[in-house]
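A structural walkthrough
Here are the chains, one letter per residue:
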Amino acid sequence: MRFLAALLLSVALHVVPCLAQTWELVKPDGLGFQVEFPGKPELKEESGDDGGKIRTYVIRSSSAAYDVTIWDLADGAVGPDDVERVLDNMRDRSVQGVSGTLRTETKIEIGGHPARDVIADTMGMVWRGLTVIANKRIYQIVAIIAKGTETSATTEKYLTSFKLLDAAKP
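Residues numbered from 1 in each chain as written. Predicted model: local features only at pLDDT ≥ 70, side-chain atom pairs only at ≥ 80, totals over all residues. Heavy atoms only, no water.

1. Notes on the side chain of Thr131
Here Thr131 is to be found in strand 8 (residues 125-134). Residue Thr131 is classed as buried on the basis of its relative accessible area, which comes to 5%. A polar contact of 3.1 Å, which involves the side chain of Thr131, links it to the side chain of Gln140. With residues near it in sequence (within four places) discarded, Thr131 still touches Leu87, Met90, Pro114, Ala115, Arg116, Ile138, Tyr139 and Gln140. (Helix = DSSP H or I, 4+ residues; strand = E, 2+ residues; numbered from the N terminus. Buried < 20%, exposed > 50% of the residue type's maximum accessible area, 1.4 Å probe, protein only. Polar contact = N/O pair within 3.5 Å; in protein donor to acceptor, adjacent residues only side chain to side chain. Contact = heavy atoms within 4.5 Å.)

Structure follows, in structure tokens:
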């Protein structure tokens, strides 16, 4: 979650050229998802505390940031009875990580898997994130955007473009 807080701070503190007008499909081999970004994202990789990989695809501008983070889970790390607790934890840690205040949370499904759609107010902006646990991974799809744009056409296109793919294997 520290990475998430650092990402938000970098958005707030750095002015980067505006997002491109062209949408780019990201569908990495073997990671089991696809998503469309409003521009070309950068890939960042690191190791988690448990030794698993964390991959983040991110694009940011002076007024918004979009990222997809994928955490690999160890075998048995999240059993069927743990999913709701882990999603609650992800919600709480994400909102806390951006010094936010939870506005709304909706329980949803993505690709038949339990997920959450969370909106939080933070540092004069809005953090909107989808989190889903599937195929030994946690996927978090985030848009950090100006207030009033949390349901804009761009935000909705980005979030609804996220799809889990059948071949999702760690």
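This is not the end of the story, as more comes after the structure.
2. What about the pattern of salt bridges?
Tallying each qualifying case throughout the model produces 17 salt bridges. A salt bridge links Asp88 to Arg91; the nearest nitrogen and oxygen atoms lie 3.3 Å apart. Residue Asp88 and its partner Arg91 are located together in helix 2 (residues 83-97), separated by three residues, close to a single helical turn. Note on Asp88: relative accessible area 27%, which makes it partly exposed. (Salt bridge = Lys/Arg side-chain N within 4 Å of Asp/Glu carboxyl O.)

3. Concerning unusual backbone geometry
Of note, Ser99 is a non-glycine position whose phi angle comes to about 50°, a positive value. Residue placement: Ser99 occurs in the loop between helix 2 and strand 6 (101-110). You will see that Asn135, though not glycine, has its phi angle at about 55°, which is positive. Along the chain, the position of Asn135 falls in the loop between strand 8 and strand 9 (137-146). Asn135 gets classed as partly exposed once you look at its relative accessible area, which sits at 30%.

4. As for the side chain of Arg128
As for its placement among the helices and strands, Arg128 is situated in strand 8. Arg128 sits in the buried class, given a relative accessible area of 7%. Side chain to side chain, Arg128 and Asp117 meet in a polar contact 2.7 Å long. Looking at Arg128, its side chain comes within polar contact range of the side chain of Glu156, at 2.6 Å. Setting aside anything within four residues of it in sequence, one finds Arg128 in contact with Asp117, Val118, Ile119, Ile141, Val142, Ala143, Glu150, Thr151, Thr155, Glu156 and Leu159.

5. Side note on the environment of His113
By the secondary structure assignment, His113 is in strand 7 (residues 113-122). For His113, a relative accessible area of 24% corresponds to the partly exposed category. When residues no more than four places from it in sequence are discounted, the contact partners of His113 are Ile108, Val132, Ile133, Ala134, Asn135 and Leu164.

6. Topic: the nonpolar core
Grouped together as the largest cluster of nonpolar side chains are 26 residues, with contacts concentrated most on Phe33, Phe37, Val68, Tyr139, Tyr158 and Phe162. Broken down by secondary-structure element, the contributors of at least two residues to this core are strand 2 (33-37), strand 4 (53-60), strand 5 (65-72), strand 7, strand 8, strand 9 and helix 3 (153-160). Excluding residues within four positions of it along the chain, Phe33 makes contact with Val26, Lys27, Pro28, Tyr57, Val68, Ile70, Tyr139, Phe162, Lys163, Leu164 and Leu165. (Core = buried A, V, L, I, M, F, W, Y, C linked by side-chain atoms within 4.5 Å.)

7. What about the sheet that holds strand 5?
Taken in spatial order, the seven strands of this open sheet run 3-4-5-9-8-7-6, and their pairing is antiparallel. Looking at strand neighbours, the two that pair on one side only are strand 3 (42-47) and strand 6, the edges of this open sheet. For this sheet, the mean inter-axis angle between neighbouring strands, taken without regard to orientation, is 15°. By the bridge criterion, six bridges tie strand 3 to strand 4 in an arrangement that is antiparallel. Bridge pairing links Glu42 to Val58 in strand 4. Across the face of the sheet, helix 3 comes into contact with strand 5, strand 8 and strand 9 while running at roughly 175° to strand 9. (Pairing = 2+ DSSP bridges. Axes fitted to C-alpha atoms, helices over the stretch in contact; angles between N-to-C directions.)

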